[in-house]
Amino acid sequence: MKRPIRDTGELPRRLTRRALVLGGLQAGFAGVLALRMRHLQVTQADTFRLLAEENRINIRLIPPARGLIYDRAGRILAENEQNYRIVLVREDAGDPEEALARLTRLVPLDAGTVERALKEIQRHSPFIPVTVADRLHWEDVARVAVNAPILPGIAPEVGLSRLYPMGQDFAHVVGYVGPVSDYDLSRLEDPDPLLQIPRFQIGKTGVESKREHKLRGKAGTRRIEVNAVGRVIRELDRIDGQPGADLQLTVDAGLQNFMQARLGEESAAAVVMDLERGDLLGIASAPSFDPNKFVRGISVADYKALTETPYRPLSNKAVQGAYPPGSTFKMITALAALEDGLIDPEETVYCPGHMEVGGRRFHCWRRGGHGHVNLLQSLEQSCDVYYYELAQRVGIEKITAMARKFGLGERHDVPLSAVVSGLTPNKAWKRENRGAEWVVGDTLNASIGQGYVLASPLQLAVMSARIATGRALTPRLVKSVDGIEQPHDPGAPLDVDPANLAQIRAAMGAVVNNRRGTAFRARVVAEGLELAGKTGTSQVRNITAAERAAGVVNNEDLPWERRDHALFVAFAPLEAPRIAVSVVVEHGGGGSTVAAPIARDITLRALYGDLPPMSAYPERQRWQVEQDLRKLPLRRFDTAPSSGRSRA
């Protein structure tokens, strides 16, 4: 039996409060809805009327201006130039083939251009504008604009295109841009919508590639009204994008131009490094190429010429090339022995021209030998037998540890393409990579920079810089981003006895400045600018016992690809080092005769900041040096560098 409900008068009051709350909420919601309807129907009535009439509002991305690239003095290395082009929107044009046929009556387009445009039109969404042709003359663009009513979906545009005013000088450093490929898109998890724009260009190599996100900027948008035949009536609004950041590199355009010219048509590389901050002042690789051809569309013939030559002009040998360092590695072996107390600088080793180890004869480059040599003399005259002796005392593990301390076997963090790590091998490396045990002969070969040891010109410059300063300097290529100075590592003091480093520096000075030194002919006679260095000649072929007995064939009598590599590393001035230099000439022959003179000229150009005076050279060489320098295809630079051109 249900209990009767007492009539207390409370229930009607509770129901009244609930009704009031619910009624208030409903009234508030209705008010918000009414305001929103008024905004849509009154405030934005025109916009939605246009949208309802044949979808006449289009939203298009505005590519941002790409950031500019400068050298350390503010000279422009990569800029943007105006580019007249014609685009086609498939949903407005109707039949693309018919639209392009009408266009070709006004603008001359070859069959290849039309075919490529049709492929791109089919690959992309119908509302995306596809570039049909670019780099057109104003007259062509004007004809299209005048005939717009009969060209639905086709419109002329003014955009920006990349330009490299220094041409070949910075092709390997700055790199170049090119259209986004399917491969580029496949590597990205969340690609920027900009990359979907047909023929939008991104960095492909060099700084352009490695600093792509900073240089690219962010897209803007614009809303346009078009009529029934696709002709643009007006721009409704525009939101400008964010331009890319401007980069200033540490390289000097004048020095870089001199380095490229001095290397000439050799297959070679050179690096110049500042010893205060680790700035890379010059990074040259020869032969080079014109990066503008890749931006504009390189021809099959031009590309074939670049890829089929054994000199490999597309490769940046300064950071991608890994070479046996030859005798330039001997400073590392010497330091390993000195640091371990296994050799006294005055102790001599007898060199008869070879050393017998394990039933195998290891030869010195000088067939008759060097006689008794101490540390300084061994570097000065580049005696191999002295280092065979040190290698047996020290062992490969300590040699390798010292090499890594001086930047060899390390991939340096510079924004360039395919930077190699080189190779400083040890027992574990050979076991893991060659499936064999390390033998004493491997150590002897490594001690003179042969065998498995490999280094790039960049690494050799870092090694020279660390020897000269006693600090763990690291290379820096980007000086500032949008005017903000980038951090540099001053380099902590190396864990090496300064007295031992002083011994090595003195010996490198003797290599160039003592009459018996292997680089004596490449000396600098200007007071206070004396050079210190080390020559290197690395073999790329095996010399048989029969050939040694009959006489080793001279490099000039061998095919180019079988000749020795020529190397030279240096720092200057000897007493107060400011720069470090490395030069590698592929299959150039002797380091003393080929690489050392190139390094001397580059060093003097870096120290003087201009063509060096003839008084810096030995008197007997001045006339010939002057004639050679006059023949170099050098650029003229204004005393006041450009502050950069407009982005537009």
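Whatever comes next refers back to the structure up there.
Residues numbered from 1 in each chain as written. Predicted model: local features only at pLDDT ≥ 70, side-chain atom pairs only at ≥ 80, totals over all residues. Heavy atoms only, no water.

1. Concerning the packing of aromatic side chains
Taken as a whole, this structure holds ten aromatic pairs when the rule is applied. Ring plane angle 20° and centroid distance 4.3 Å describe the contact between Tyr176 and Phe294, whose orientation is recorded as stacked. Here Phe294 lies in helix α11 (residues 292-296) and Tyr176 lies in the loop between β5 (154-163) and β6 (177-179), a separation of 118 residues in the sequence. Per residue, the accessibility class of Tyr176 equals that of Phe294, and both read buried. With centroids separated by 5.1 Å and ring planes inclined at 65°, the aromatic side chains of Tyr386 and Tyr387 adopt a geometry described as edge-to-face. (Phe/Tyr/Trp six-rings, centres within 6.5 Å; stacked < 30°, edge-to-face > 60°. Helix = DSSP H or I, 4+ residues; strand = E, 2+ residues; numbered from the N terminus. Buried < 20%, exposed > 50% of the residue type's maximum accessible area, 1.4 Å probe, protein only.)

2. So, the packing of helix α20 (residues 457-469) against helix α21 (residues 498-513)
Contact pair α20 / α21: the axes reach a minimum separation of 8 Å and the direction vectors enclose 115°. In contact with Ile467, Ala468 and Thr469 of α20, α21 contributes Leu501, Ile504, Arg505 and Met508. The class makeup of the residues in the contact of α20 with α21 is five nonpolar, one polar and one charged. (Axes fitted to C-alpha atoms, helices over the stretch in contact; angles between N-to-C directions. Contact = heavy atoms within 4.5 Å. Nonpolar A, V, L, I, M, F, W, Y, C, P; charged D, E, K, R; others polar.)

3. Quick word on the packing of helix α4 (residues 96-104) against helix α5 (residues 111-123)
At a minimum axis distance of 11 Å, the contact between α4 and α5 shows a crossing angle of 145°. When you trace α4 past α5, the crossing you get is right-handed. Here Pro96, Glu97, Leu100 and Thr104 of α4 lie close against α5, whose contacting residues are Val114, Ala117, Leu118, Ile121 and Gln122. Considered class by class, the residues forming the contact of α4 with α5 number six nonpolar, two polar and one charged. (Left-handed = near helix turned anticlockwise from the far one by under 90°.)

4. With respect to the environment of Ser378
Of note, Ser378 is situated in helix α15 (residues 375-380). For Ser378, a relative accessible area of 0% puts it in the buried group. With 30 residues separating them in the primary sequence, Ser378 and Thr348 have C-alpha atoms 9.0 Å apart. Within polar-contact distance, the side chain of Ser378 engages the backbone oxygen of Leu375 at 2.6 Å. (Polar contact = N/O pair within 3.5 Å; in protein donor to acceptor, adjacent residues only side chain to side chain.)

5. Re the sheet that holds strand β19 (residues 532-538)
Spatially, the five strands line up as an open sheet ordered β12-β11-β21-β20-β19, and their pairing is antiparallel. This sheet does not close on itself; its edge strands, each paired only once, are β12 (280-286) and β19. Across the sheet, the axes of successive neighbouring strands diverge by a mean angle of 5°, strand direction being ignored. Of the pairings in the sheet, the one linking strand β11 (residues 268-274) to strand β21 (residues 579-585) comprises seven bridges and is antiparallel in character. Residue pairing in the sheet places Met273 in a bridge with Ala580 of β21. In the packing of helix α10 (residues 253-263) onto the sheet, contacts are made with β11 and β12, and the angle to β12 comes to roughly 30°. The strands touched by helix α23 (residues 591-608) are β11, β19, β20 (565-572) and β21; relative to β21, the strand with the most contacts, the crossing angle is about 145°. (Pairing = 2+ DSSP bridges.)

6. Description of helix α18 (residues 427-434)
Looking at where α18 begins, the residue whose side-chain oxygen comes 3.4 Å from the main-chain nitrogen of Ala428 is Asn426. Taken from the residues just after α18, Gly435 is the one with a positive phi, measuring 65°.

7. Points about the state of the cysteines
As used here, a disulfide is simply a covalent bond connecting the sulfur atoms of two cysteines. For the coordinates displayed, the defined rule picks out zero disulfides. Left unpaired, Cys364 is separated from the closest cysteine sulfur, that of Cys351, by 4.0 Å. The thiol of Cys383 is not disulfide-bonded; the next cysteine sulfur, from Cys351, is found 3.6 Å away. (Disulfide = S-S within 2.5 Å.)

8. Overview of the pattern of salt bridges
Applying the stated rule across the entire model yields 26 salt bridges. One salt bridge connects Asp302 with Lys293, and the closest N-O pair in it is separated by 3.5 Å. By relative accessible area, which is 29% here, Asp302 ends up partly exposed. What emerges from the salt-bridge pattern is a single network uniting Arg72, Arg277, Asp279, Arg476, Lys479 and Glu485. (Salt bridge = Lys/Arg side-chain N within 4 Å of Asp/Glu carboxyl O.)

9. Quick look at the pairing of β19
Most of β19 is tucked away: six of the seven residues are buried. Both β19 and β20 contribute to a ladder of seven bridges, which runs antiparallel. From the neighbouring strand, Ala532 faces β20, where its bridge partner is Phe571.

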